[in-house]
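The primary structure of each chain is shown beneath.
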Amino acid sequence: MQRIGVFICWCGSNIAATVDVKKVAAAALNEPGVVFSADYQYMCSASGQGLVKDAIREKGLTGVVVCSCSPRMHEATFRKAAESCGLNPYMVEIANIREHCSWIHKDVAEGTEKAVILMRAAVAKVNLNQSLVAGKSDVVKRALVIGGGIAGIQTALDIAEAGYEVDIVEKKPTIGGKMAQLDKTFPTLDCSACILTPKMVDAAAHDKIKIYSYSEVESVSGFVGNFTAKIRKKARFVKEDLCTGCGLCTEKCPSRKTPNEFNEGMNTRSAIYIPFAQAVPKYAVIDPAACLHFKTGKCGLCERTCDAKAVDYNQKDETIERKYGAIVVATGYNVIKLDNFGEYGYTENPDVITSLELERIMNAAGPTGGALLRPSDKTHPQKIVFVQCVGSRGQRPCDKPYCSKICCMYTAKHAMLIREKYPDTEVYVFYIDVRTPGKNFEEFYRRAVEQYGVHYVKGQVGKVAENAGKLRVYGSDLLMNEQIVIDADLVVLAAAIEPDESAKKIATMLTTGIDTNNFLTEAHPKLRPVESATAGIFLSGVCQGPKDIPETVSQASAAAVKVIGLLAKDQITCNPCVARSDELLCNGCSSCEKVCPYGAITYIDKEVNDHGKREVRRIASVNEAVCQGCGACTVACPSGAMDLKGFTNKQIMAEVDAICR
Amino acid sequence: MSVEHESFKPTIVAFCCNWCSYAGADLAGSGRMQYPANVKIIKVPCSCRVNPTFVLRAFQRGADGVIMCGCHPGDCHYSTGNYYTRRRMTMLFDFLDFLGIERGRTRVEWVSAAEGARFASVMNDFVKNVTELGPNRKITDLRTKPEHKEGE
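Residues numbered from 1 in each chain as written. Chains lettered and ligands numbered in written order. Predicted model: local features only at pLDDT ≥ 70, side-chain atom pairs only at ≥ 80, totals over all residues. Heavy atoms only, no water.

What should I look at first to understand the overall build of chain B in this one?
The secondary structure content of chain B amounts to six helices and four strands. Element order for chain B, N to C, with α for helix and β for strand: α-β-α-β-α-β-α-β-α-α. Here the C-alpha radius of gyration of chain B, 15 Å, is about what a compact globule of 152 residues would show, namely 15 Å. Each of the three principal axes of chain B carries a C-alpha extent, and together these read 45 × 35 × 20 Å. (Helix = DSSP H or I, 4+ residues; strand = E, 2+ residues; numbered from the N terminus. Rg over C-alpha atoms; globule rule 2.2 N^0.38 Å.)

Following this line, the structure appears as structure tokens:
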């Protein structure tokens, strides 16, 4: 028989205002196994925990029930307290009488009655609790970062600086991500490439960082501290160890009509190409869809041109397997497709562009060499209209419900830069709200309005139509309550951003949560913003939600700290609430093995002693380090051999009985 | 009838998975979203941990309704657990219906950790349905209910 102590927390008035705690404490003494009960104002405080510890020592308690807030809040606190005075931490259970009782009920009689029942269920469970010992598993001291944008680079650099190995897996031929495409950054107007490319070089040069560019993570198995990832290195058709990045092949290549991804398709590139001059790693890559050799079997000019003999048309995809202790997802974002936004005529009219396209136009390495020219006729636009919230904050199926966060600021930046460089240009910005929460953001926006004379119009654009070589923009000015028509030369759409399409696949692969907008879900929105709900998986950058560069870098470093904290441990404690098979009851049917999502169950031939009869039987065996404790196998087991420690059939039945009593 | 309904307070057992719906219930609590005190939550690691025998046991012991909450399909913390729940419970509820335990007394719902309001509205709706159905007497083991013994 257990000797159980029941401790009822007032939580100030959070619980005590709706639950008669004295009554609960008195009722506890009538429950089987309960030898002690007490109530206290703040059980989680040092003195409250002291009360629990003293009772464990003085009354010789073998089990503890704390009636308090959610176990998600303080279960760990009380288990630690119990452990500190020699009681197995898994002999402690929490009855959640705050979130599940006092906060949702107003009537004291009703609240007290429910609190008593919840306490009774917890006592019934503890009566059947058994001491559990958590196993240990080794930590592989290497991290995997999926995505090589600024988020991934920063995370990798911070982890590497702490002395741990990091692999960056980037699906594109170069790291750098979206930030490499930007011209200037707000609100300081730093040159984006000038602050990013040194970091790219640092990452490539770091002896602890290995970059797998043009590669994708194909599958991940394992668990915190011990993941195994399969990485597919896509064939570049260029040997990385030989290519010097001289670029001669790209000049000689006769196939030059492929839209250049780096310039958002506004100019073309050759079939063998280097994404951009500062690419890291700087190796050429052949696009087989465009290459004449792959299409016709002829050509072969690049192979003949290359002095280093790096071109290899027979290269195949290569899959490598690596072990990691922690994984950081930094898959970033894309600008949404604008096919469904017919009102702006983006797909029909080349002079309707996205802000990212404008970014390339204004960049010295861009398609126009940095000159602001219309894509259609390469003339200088006199009148430019910016449209905010294209696809953001909308209710239609093609819209995103959220704010993309960065658009207000980059539009102010664009408007300011254009007015600075071409003072003869008139600039209009149609906005719903201007959102500038950030250090020096509001001041930056005010400068655009006051110093640079950008016309901000509160209202939306209903239609953009071509009219005699110009773009007629029909909009509304909500402050003046009038319709306005502007004949513009260039229309720039601040299109919403969305998580990269790979995010969903990767989330599934890593069994982490994803929200309705395909952003990865953090473990707690306030207190655990860079961890995913799955142990050992961390989030960095826009894959978790829209954010600008400074925020991305902060989060990237935060994720790195979490990874370092994990890798610094030689061993980690496993969850002891895992499945266990009763070898005498198991009939070796394989039902449990089939439902296990982790492959934690294998079958072994083992000699068992069945009531004096010794024989070798095929029975289920659970790998406790791999089992995550979901319990699917316990229900699938037809003979009742499989049970889940900490949530045994008997324990749950006892809770059911206590509630229905 | 209506008078009886007002005085009748059904016993409801709610199995909530640790990762989504238990957290959703916590969120309903921190948001002070009211739902009836009849609902008593049992925490399980995953909705797939709920053995059909637990549901039978609850009705046997006099529960008037049993609800299971898990992560939304595709969002299961253990990737596939809630799919098992969905299939197992479809069969179980059919069977219970055959035994005379109405469909309104059993339910599987998906509530994410972010859906406190949804948790409260699901519980309000479920309690209302079960209250309308009245007390469950179908497979109740009367030996465990001394006060029922005389009434029957």
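What's the story with the overall build of chain A in this structure? I'm lost.
On a plain count of helices and strands, chain A comes out with 18 helices and 36 strands. Residues classed as buried in chain A amount to 57% of the 661 residues present. Once local pairs closer than 6 in sequence are excluded, the contacts in chain A between residues at least 24 apart make up 68%. Working note: accessible area of chain A is about 28200 Å², and carbon and sulfur atoms make up 51% of it. Chain A carries 79 positive and 76 negative side-chain charges, and their two centres are separated by 2 Å. (Buried < 20%, exposed > 50% of the residue type's maximum accessible area, 1.4 Å probe, protein only. Contact = heavy atoms within 4.5 Å. Areas by Shrake-Rupley, 256 points an atom, 1.4 Å probe, with all protein chains shown as cover. Lys, Arg positive; Asp, Glu negative; His and termini not counted. Charge placed at Lys NZ, Arg CZ, Asp CG, Glu CD.)

Teacher, can you tell me more about the sheet that holds strand 2 (residues 39-44) of chain B here?
Pairing between the strands of a sheet is mediated by backbone hydrogen bonds and can be parallel or antiparallel. Pairing within the open sheet is parallel, and its four strands lie in the order 2-1-3-4 (chain B). On the outer flanks of this sheet lie strand 2 and strand 4 (106-110) of chain B, each paired with one strand and no other. Strand-to-strand, the axes of this sheet are offset by a mean angle of 20 degrees, without reference to chain direction. In this fold helix 18 (residues 649-660) of chain A packs onto strand 1 (12-17) and strand 2 of chain B, with an angle of close to 175 degrees to the strand it touches most, strand 2 of chain B. (Pairing = 2+ DSSP bridges. Axes fitted to C-alpha atoms, helices over the stretch in contact; angles between N-to-C directions.)

Whenever I open this one, the sheet that holds strand 17 (residues 318-324) of chain A confuses me. Can you help?
All names here are of chain A. Across the sheet, three strands lie side by side as 11-12-17; this open sheet has antiparallel pairing. Looking along the sheet, the strands with just one partner apiece sit at the ends: strand 11 (215-223) and strand 17. The average angle at which neighbouring strand axes cross in this sheet is 20 degrees, direction not considered. Note that strand 12 (residues 226-233) and strand 17 share seven bridges and pair antiparallel. Note on strand 17: the bridge partner recorded for A229 is R322.

When you look at the side chain of R322 of chain A in this model, what are you seeing that I'm missing?
All names here are of chain A. In this fold, R322 is placed in strand 17. Reaching out from R322, the side chain makes a polar contact with the side chain of Y212 at a distance of 3.5 Å. When neighbours within four sequence positions are excluded, R322 is seen to be in contact with R142, E165, D167, K210, Y212, F227, T228, A229 and I231. (Polar contact = N/O pair within 3.5 Å; in protein donor to acceptor, adjacent residues only side chain to side chain.)

Where do I start with the interface of chain A and chain B in this structure?
Much of the literature gives interface size as the accessible area that the parts lose upon coming together. Contact with chain A, which involves 45 residues of that partner, is made by 46 residues of chain B. Buried area between chain A and chain B, summed over both chains or domains, comes out near 3800 Å², and the portion from carbon and sulfur atoms is 60%. Here chain A is connected to chain B by three salt bridges. With a closest N to O distance of 3.7 Å, D657 of chain A and R61 of chain B form a salt bridge. The tally of links between chain A and chain B comes to 14 residue pairs in polar contact (both at pLDDT 80 or more). Among the secondary structure elements, those contributing two or more residues to the side of chain A that touches chain B are helix 3 (71-84), helix 4 (98-102), helix 5 (108-126), helix 16 (591-595), helix 17 (632-636), strand 36 (642-644) and helix 18 of chain A. If one sorts the elements of the side of chain A that touches chain B by residue count, helix 18 of chain A sits on top with eight residues. In the side of chain A that touches chain B, the residues fall into 21 nonpolar, 13 polar and eleven charged. (Buried area = accessible area lost by both parts, 1.4 Å probe. Salt bridge = Lys/Arg side-chain N within 4 Å of Asp/Glu carboxyl O. Nonpolar A, V, L, I, M, F, W, Y, C, P; charged D, E, K, R; others polar.)

What am I meant to see in the confidence of the model for chain B here?
The predicted coordinates ought not to be read in detail in places where the model reports low pLDDT. Residues and elements named next belong to chain B. In the predicted model, chain B carries a mean pLDDT of 89, and 91% of its residues have values of at least 70. Strand 2 holds the highest mean pLDDT among the elements of chain B, 97, whereas helix 6 (residues 146-151) holds the lowest, 53. The ipTM assigned to the predicted complex is 0.93, against a pTM of 0.79. (pLDDT = per-residue confidence, 0-100.)

Is there a simple way to explain the packing of helix 6 (residues 150-161) of chain A against helix 7 (residues 192-205) of chain A in this structure?
The axes of two packed helices give the description: the angle between them and the distance between them. All names here are of chain A. Direction vectors running N to C along helix 6 and helix 7 enclose 50 degrees, while the axes themselves pass 10 Å from each other. Here helix 6 is positioned oblique relative to helix 7, judged by the angle of their axes. When you trace helix 6 past helix 7, the crossing you get is left-handed. Taken together, the residues of helix 7 that come into contact with helix 6 (itself represented by I150, I153, Q154 and L157) are L196, K199, M200, D202 and A203. Considering only residue class, the contact of helix 6 with helix 7 consists of six nonpolar, one polar and two charged. (Parallel < 35°, antiparallel > 145°, perpendicular 65-115°, else oblique. Left-handed = near helix turned anticlockwise from the far one by under 90°.)

Would you mind going over the state of the cysteines with me for this structure?
Where two cysteines share a covalent bond between their sulfur atoms, that bond is called a disulfide. The final tally for this structure, using the stated rule, is two disulfides over all chains. Each sulfur of the disulfide joining C191 of chain A and C194 of chain A lies 2.3 Å from the other. The chirality of the disulfide connecting C191 of chain A with C194 of chain A is right-handed, given an S-S dihedral of about 85 degrees. Judged by its relative accessible area of 49%, C194 of chain A falls in the partly exposed class. With its sulfur 2.4 Å from that of its partner, C20 of chain B forms a disulfide with C71 of chain B. Measuring handedness by torsion sign, the sulfur bridge of C20 of chain B and C71 of chain B sits at about 100 degrees and is right-handed. Residue C20 of chain B is found in the loop between strand 1 and helix 2 (21-30), and its partner C71 of chain B is found in the loop between strand 3 (65-70) and helix 4 (81-98); the two are separated by 51 residues along the sequence. Each member of the pair, C20 of chain B together with C71 of chain B, is buried. (Disulfide = S-S within 2.5 Å.)

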